[in-house]
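Below, each chain spelled out in residue letters.
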Amino acid sequence: MDGIRCCLNPHGATTGQLLTERSMANMRLVKAFKLSNTFVSNDLSIHSTFVSQARALLKGSNKLGWLHFRDLSTQAVQIELLELNAMTRVPFDVLIQCVTLRVILIGLLGVDASVDSFAREDIITVSAHINHLWALSKKPENTPPYLLPQLNDALRRLIPDTQKYPNPVDFVIPAWETLWRVVATAVAYSHQDEGMSDAFLSLYRSPNVKTFSGHGTRLSPKNVVDETMRLHPPSKRIGRTKTHPIFQYLPSAIIRLLQRVIPNFITRKESADVAEIQRSTAIWGPDAGQFNPARFLSSSEPTKEQSEALKYVFGGGPFRCIGASWAPVAVGVICSAVLTAIDDCDDLRIMQGTEIGARDGWNGWYIERV
């Protein structure tokens, strides 16, 4: 793990240097989404403002409590399941995306609206376009010019507060883009396993941190979410663009100019391979590549090295995700609402595909009426 530490938090690095390394590695997201938040800027004031806003949002969500968050999740699931009145099945990933977005808009971003007031066309557009633009951002070709305006128009209808959210993608993408994938993966593993399903059903009945964390020899929702994020880390590799030491104190505008002229001499790309350490048999044992939430039971406490490795699913160093304690519980509560809704309806089931997807790859997965 020394390589990851050195990549994300090199000894002696200043905050400005770390911001520059991160923002330069994320320039593709400016091109794709016109992001303007701290993930694509080395401006200290932008970073400070974003972190303060994010902390305030997390504080507000925590103040409303997990019972409120569960009720939002329940409403969101029921709204999306209404689509089954018009068709026999809906794509599993689309339903999870839409449920999670509805919940995040109100339960975290604090949009003053009811869960059912959002036009489904806008929810679908935002979900689909963010995923599409993210995939296109990794390719050299230009993106279709209509995608971002369509995304921004839909987002503005969902989030009309221009003062609080002048550029809604700045908060929607970090809040939603990884969360829905963890929810989808956790539900995919849990829906046919009695122990995991029971853990989430218990959380639905008592939505609080104590139930989430569990105790004793029974699986808890936290065990399942931890194992989901270990085996399927939302950010498999965290990129950084390192500047050659003799140039790193130049203004960022000069560095960018020099990059265009002599790119390979000015900077080099590095990445923290989070996925590699989560599947390392040296750290996790011979079953490192298998989904086994029981490894986190209190009766078999993870080693210090395992605990350190798992923390990297939220990044590392000064810029480790500030929602690291909130997000797993949010995942658990949304999962509990999805699994409870299906458990309560004899005519609903999850149709399983050949493999568990990520941002895409959910072919063959559906929620259907039987």
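Our subject is the structure listed above.
Residues numbered from 1 in each chain as written. Predicted model: local features only at pLDDT ≥ 70, side-chain atom pairs only at ≥ 80, totals over all residues. Heavy atoms only, no water.

## So, the nonpolar core
Membership of the largest hydrophobic core comes to 106 residues, with the highest contact counts inside it found for Phe33 and Leu109. Per element, the largest residue contribution to this core is 12 residues, and it comes from helix H19 (residues 327-343). When sequence neighbours within four positions are dropped, the list of residues in contact with Phe33 reads Ile130, Leu133, Trp134, Leu148, Leu151, Val169 and Ile173. (Core = buried A, V, L, I, M, F, W, Y, C linked by side-chain atoms within 4.5 Å. Buried < 20%, exposed > 50% of the residue type's maximum accessible area, 1.4 Å probe, protein only. Helix = DSSP H or I, 4+ residues; strand = E, 2+ residues; numbered from the N terminus. Contact = heavy atoms within 4.5 Å.)

## Side note on the pattern of salt bridges
Under the definition given, this model contains 18 salt bridges. Asp2 is paired through a salt bridge with Arg5; the nearest N and O atoms lie 2.2 Å apart. With a gap of 3 residues between them, Asp2 and Arg5 both fall in helix H1 (residues 2-8), about one helical turn apart. Taking the relative accessible area as the measure of exposure, Arg5 reaches 32% and is therefore partly exposed. (Salt bridge = Lys/Arg side-chain N within 4 Å of Asp/Glu carboxyl O.)

## A few points about the pairing of strand E5 (residues 366-369)
As defined by bridge partners, strand E1 (residues 89-91) adjoins E5 across 3 bridges and the pair is classed as antiparallel. Bridge pairing in E5 places Pro91 opposite Tyr366. Pairing analysis gives 4 bridges linking strand E4 (residues 348-351) to E5, with the strands arranged antiparallel. In the sheet register, Arg349 faces E5, and the bridge partner there is Glu368. (Pairing = 2+ DSSP bridges.)

## A word on the packing of aromatic side chains
Centre-to-centre distance and the angle between the planes together describe a pair of aromatic rings. In the structure shown here, the tally under the stated rule is 13 aromatic pairs. On the basis of an interplanar angle of 85° and a centroid distance of 5.7 Å, the ring pair of Phe69 and Trp326 is categorised as edge-to-face. Here Phe69 is found in helix H5 (residues 66-81), whereas its partner Trp326 is found in the loop between helix H18 (304-311) and H19, with 257 residues between them in sequence. Classification of Phe69 by relative accessible area gives buried; the value is 1%. Relative to Phe296, the ring of Trp284 lies with its centre 5.9 Å away and its plane at 70°, an arrangement referred to as edge-to-face. Of the two residues, Trp284 sits in helix H17 (residues 281-284) while Phe296 sits in the loop between H17 and H18, which places them 12 residues apart along the sequence. When the ring centre of Tyr366 is taken as reference, the NZ or CZ atom of Arg89 above it lies at 3.9 Å. It is Arg230 that lies over the ring of Trp284; its NZ or CZ is 5.2 Å from the centre. (Phe/Tyr/Trp six-rings, centres within 6.5 Å; stacked < 30°, edge-to-face > 60°. Lys NZ or Arg CZ within 6 Å of the ring centre and 35° of its normal.)

## A word on the side chain of Arg22
Within the fold, Arg22 resides in helix H2 (residues 15-25). Despite its burial, Arg22 pairs with no opposite charge; the closest candidate is Glu21, at 9.6 Å N-O. What Arg22 contacts, discounting residues up to four positions off in sequence, is Thr38, Phe39, His47, Arg240 and Phe319. (Lys, Arg positive; Asp, Glu negative; His and termini not counted.)

## Looking at the side chain of Ser197
Locating Ser197 in the fold gives a position in helix H11 (residues 194-205). Each residue touching Ser197, except ones within four places of it in the same chain, is listed here: Ser190 and His191.

## Structural notes on the sheet that holds E4
The strand order across the open sheet formed by 3 strands is E1-E5-E4, and the pairing between neighbours is antiparallel. One side of each edge strand has no neighbouring strand; the edge strands of this open sheet are E1 and E4. Across the sheet, the axes of successive neighbouring strands diverge by a mean angle of 20°, strand direction being ignored. (Axes fitted to C-alpha atoms, helices over the stretch in contact; angles between N-to-C directions.)

## Description of the packing of helix H7 (residues 120-137) against helix H8 (residues 147-158)
Describing two packed helices takes the angle between their axes plus the distance from one axis to the other. In the contact formed by H7 and H8, the axes pass within 9 Å of each other and the chain directions differ by 140°. Considering the angle they form, H7 stands oblique to H8. Note that H7 runs across H8; the crossing there is left-handed. For the pair formed by H7 and H8, the contact residues are Asp122, Ile123, Thr125, Val126, His129, Ile130, His132, Leu133 and Leu136 on the first element and Leu147, Leu148, Gln150, Leu151, Ala154, Leu155, Arg157 and Leu158 on the second. Here the residues of the contact of H7 with H8 are counted per class, giving 11 nonpolar, 4 polar and 2 charged. (Parallel < 35°, antiparallel > 145°, perpendicular 65-115°, else oblique. Left-handed = near helix turned anticlockwise from the far one by under 90°. Nonpolar A, V, L, I, M, F, W, Y, C, P; charged D, E, K, R; others polar.)

## Section: the packing of helix H10 (residues 179-190) against helix H13 (residues 221-231)
Direction vectors running N to C along H10 and H13 enclose 115°, while the axes themselves pass 9 Å from each other. Classified by the interaxial angle, the pair formed by H10 and H13 is roughly perpendicular. With respect to the hand of their crossing, H10 and H13 are arranged in right-handed fashion. Touching Val182, Thr185, Ala186, Tyr189 and Ser190 of H10 are Val224, Thr228, Met229 and Leu231, all from H13.

## Notes on H13
One turn of an α-helix holds 3.6 residues; hence residues three or four places apart share an orientation. The element H13 is largely enclosed, with a buried count of 10 among its 11 residues. Among the residues of H13, those classed as buried are Pro221, Asn223, Val224, Val225, Asp226, Glu227, Thr228, Met229, Arg230 and Leu231.

## Let's talk about the state of the cysteines
Counted according to the given criterion, the structure contains 0 disulfides. The cysteine Cys7 is free of any disulfide, with Cys6 supplying the nearest cysteine sulfur at 7.6 Å. According to the relative accessible area criterion, Cys7 is buried, its value standing at 2%. Cys335 supplies the cysteine sulfur nearest to Cys321, a cysteine that is in no disulfide, at a spacing of 17 Å. (Disulfide = S-S within 2.5 Å.)

## Considering H5
With 16 residues, H5 ought to run about 22 Å at 1.5 Å a step, and its terminal C-alpha atoms sit 22 Å apart, in line with that. For H5, the set of buried residues is Trp66, Phe69, Arg70, Leu72, Ser73, Ala76, Val77, Ile79, Glu80 and Leu81. (Expected span 1.5 Å × (residues − 1).)

## Re unusual backbone geometry
Located in the positive-phi region is Lys34, a residue other than glycine, with phi close to 55°. Note on placement: Lys34 falls in the loop between helix H3 (27-33) and helix H4 (44-64).

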